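# Working through the structure, step by step
Here are the chains, one letter per residue:
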Amino acid sequence: MTASLTNIPKNGNYSTKTWVIGTSSHYLPHCQSTNDLAAEKAREACPEGLVVHTDHQTAGRGQRGTQWQAAPGENLTLSIVLRPTFLAPREQFKLSVSMALGVRDALQDCLPNHQVHIKWPNDILIDLKKAAGLLIENNLSGGKIAWSIIGIGVNVNQQHFDEVAAFAFPPVSLAQCAGGPLALEAVMQKLLEHLDARYLRLRAGHYPSLLQDYYQHLLGYQQECRWLIVADDREVWGTVKGVDENGRLKLLIDQDLCHFDLKELRLLSV
Ligand code: BTN
């Protein structure tokens, strides 16, 4: 089997060497949400690895029901169709771990002199500011994950973000960190190659080593941090001990090991 060379950008001026992710692509100048479009393609039985990308997303969706805003033509907004039928539905978090690592690797590759962390479960921070996010949507059928949509937004060249004073980890772009603009195509190429490498490791059964890498880059791992427990609006000190098999965060608070879902917890500071 040989890696495929696919021209991803609309102007086709570079090639990506990958085995699965990016072996086919679909570009639209604008659309509402690439995740929705990719889901349509998945339902129509598109090949695994299809990348749906756009320059202008008009109704981008984020985690926890938020909106994802990205200035047109300055950022990467894309969704990848995967068919991880080798995972049981209860193993969904393994895909999240692998994809977060792939995005982190790509950003670190672009900015080797900066600190790139994963904020549980899959926000990507550069020097403690949010540079990328993932929205993964799984479709379960017949006791299997029939398909997954890996939605990724990367702030590449955007210089101004809406006022977000209340955010503990404000947005930032790669260009702001690098001190100058980056070629979107080059960032896309690194992104697809790193995601592909991580996906292949997952598919080959190497999840334990992926999880080790995830912990290595996980913000606050084995470190006491300040958290907000959403249900009772209480601030606590807690130490991240890992994630459980359902992807919940294991936090040691006053000698008690507590497990939290995404909506139950906010990281306030490290
Ligand atoms: C988050 O951090 O809240 C997740 C953001 C995910 C945004 C991407 S942009 C491409 C894809 N399409 C969407 O509607 N959302 C994801």
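Use the structure listed above.
Residues numbered from 1 in each chain as written. Predicted model: local features only at pLDDT ≥ 70, side-chain atom pairs only at ≥ 80, totals over all residues. Heavy atoms only, no water.

### Observations regarding the overall build of the protein
Under the convention used in this document: Numbering goes from the N terminus for both helices and strands, where a helix is a DSSP run of H or I of at least four residues and a strand is a run of E of at least two. Using C-alpha atoms as the atom set, the radius of gyration is obtained and then compared with a globule rule of 2.2 Å times the number of residues to the power 0.38. Buried, partly exposed and exposed residues are distinguished by accessible area as a fraction of the type maximum, computed with a 1.4 Å probe on protein chains only: under 20%, between the cut-offs, and over 50%, respectively. In this description, contact between two residues means that some pair of their heavy atoms is separated by no more than 4.5 Å. Here the open area of atoms and residues is found with the Shrake-Rupley method and a 1.4 Å probe, where only the protein chains shown may cover a residue.
The secondary structure content of the protein amounts to five helices and 14 strands. Over its C-alpha trace the protein gives a radius of gyration of 18 Å, about what one expects of a compact globule, namely 18 Å for 270 residues. With respect to the three principal axes, the spread of C-alpha positions in the protein is 55 × 45 × 30 Å. Counting across all 270 residues of the protein, residues that qualify as buried make up 50%. Residue pairs at least 24 apart in sequence account for 62% of intrachain contacts in the protein once pairs closer than 6 positions are excluded. Carbon and sulfur atoms provide 48% of the accessible area of the protein, an area that totals close to 12500 Å².

### Considerations on the site of the ligand
Here is the rule: Nearness of a residue to a molecule or strand requires only that one of the residue's heavy atoms be within 4 Å of it. Between N or O atoms, a polar contact is any pair within 3.5 Å; within protein, one atom must be a potential hydrogen donor and the other a potential acceptor, and residues adjacent in sequence are included only when both atoms are from side chains. Residues are called lining when one of their atoms sits within 4 Å of a cavity or pocket point, these points coming from a 1 Å grid over the protein atoms alone, where a cavity is a set in which a 1.4 Å probe fits but cannot get out and a pocket is an open set with protein on both sides within 12 Å along at least five of seven lines. Occupancy of a cavity or pocket is assigned to a molecule whenever over half of its atoms lie within 2 Å of that pocket's grid points.
The immediate surroundings of the ligand are formed by 20 residues, with Ser33, Gln57, Arg61, Gln63 and Lys130 found nearest. Here threonine 34 contributes a side-chain N or O atom positioned 3.2 Å from a nitrogen atom of the ligand. Lysine 130 is positioned such that a nitrogen or oxygen atom in its side chain is 2.5 Å from an oxygen atom of the ligand. Here the ligand has 420 Å² of accessible area as a free molecule, and 98% of this is covered by the chains. Its atoms largely coinciding with the cavity grid, the ligand occupies the largest pocket.

### What about the pattern of salt bridges?
We apply this condition: A pairing counts as a salt bridge when a side-chain nitrogen of Lys or Arg comes within 4 Å of a carboxyl oxygen of Asp or Glu.
Inspection of every chain in the model, using the stated rule, returns twelve salt bridges. Arginine 61 serves as the salt-bridge partner of glutamate 137, at 2.7 Å between the closest nitrogen and oxygen. Taken as a pair, glutamate 137 in strand β8 (residues 129-141) and arginine 61 in the loop between β4 (50-57) and β5 (76-82) lie far apart in primary sequence, 76 residues in all. One salt-bridge network, held together by shared partners, links Arg104, Asp105, Arg198 and Asp213.

### A few points about helix α1 (residues 34-43)
Taken together, the buried positions of α1 are Thr34, Asn35, Leu37, Ala38, Ala39 and Ala42. Of the surrounding secondary structure, the elements contacted by the buried residues of α1 are β3 (24-31), β4, β5, β8 and β9 (144-154). For α1, the N-terminal capping position is held by serine 33, with its side-chain oxygen 3.2 Å away from the main-chain nitrogen of asparagine 35. Positive phi shows up at alanine 45, right after α1, with a value of about 65°.

### With respect to the side chain of aspartate 123
For aspartate 123, the location among the structural elements is in strand β7 (residues 123-126). Among the polar contacts listed, one links the side chain of aspartate 123 to the side chain of lysine 130, at a separation of 2.9 Å. Setting aside residues no more than four positions away along its own chain, aspartate 123 makes contact with Gln63, His117, Ile118, Lys130, Ala132 and Gly133.

### Some words on the sheet that holds strand β12 (residues 249-253)
Going by this rule: For two strands to pair, DSSP has to find at least two bridges joining them. Axis definition: a line fitted to C-alpha atoms, over the contacting stretch in the case of helices. Angles run 0 to 180 degrees between N-to-C directions.
Taken in spatial order, the five strands make up an open sheet running β13-β12-β11-β10-β14, and their pairing is antiparallel. Bordering the open sheet on either side are β13 (256-260) and β14 (265-269), each of which pairs with just one other strand. Adjacent strand axes in the sheet meet at a mean angle of 50°, parallel and antiparallel pairs treated alike. The sheet contact formed by strand β10 (residues 224-229) and β14 spans four bridges and is antiparallel.

### A closer look at the side chain of threonine 18
Position of threonine 18 relative to the elements: it lies in strand β2 (residues 16-18). At a separation of 2.7 Å, a polar atom in the side chain of threonine 18 contacts the main-chain carbonyl oxygen of isoleucine 21.

### A few points about the packing of helix α2 (residues 92-110) against helix α5 (residues 207-217)
The cut-off we apply is this: Each angle receives one of four descriptions, namely roughly parallel if under 35 degrees, roughly antiparallel if over 145, roughly perpendicular if within 65 to 115, and oblique otherwise. For a crossing to be left-handed, the near helix must be turned anticlockwise from the far one by less than a right angle; the clockwise case is right-handed. Throughout, the ten residues Ala, Val, Leu, Ile, Met, Phe, Trp, Tyr, Cys and Pro are labelled nonpolar, Asp, Glu, Lys and Arg are labelled charged, and all others, Gly among them, are labelled polar.
The contact between α2 and α5 brings their axes to 10 Å, and the two run at 55°. The orientation of α2 with respect to α5, classified from their angle, is oblique. The element α2 and its partner α5 pack so that their crossing is left-handed. Residues Phe93, Lys94, Val97, Ser98, Ala100, Leu101 and Arg104 of α2 form the contact with α5, whose own contacting residues are Tyr207, Leu210, Leu211, Asp213, Tyr214 and His217. The residue inventory of the contact of α2 with α5, partitioned by class, reads eight nonpolar, two polar and three charged.

### Considering the sheet that holds β7
Strands sit in the order β3-β4-β5-β9-β8-β7-β6 across an open sheet of seven strands; the sheet is mixed. In the strand order of this sheet, the two ends are held by β3 and β6 (116-119), each with one partner. Going across the sheet, the axis of each strand differs from the next one's by a mean of 20°, ignoring polarity. In this sheet, β5 lies alongside β4 in antiparallel orientation, the contact comprising four bridges. Across the sheet, the residue bridging to valine 51 is isoleucine 80, located in β5.

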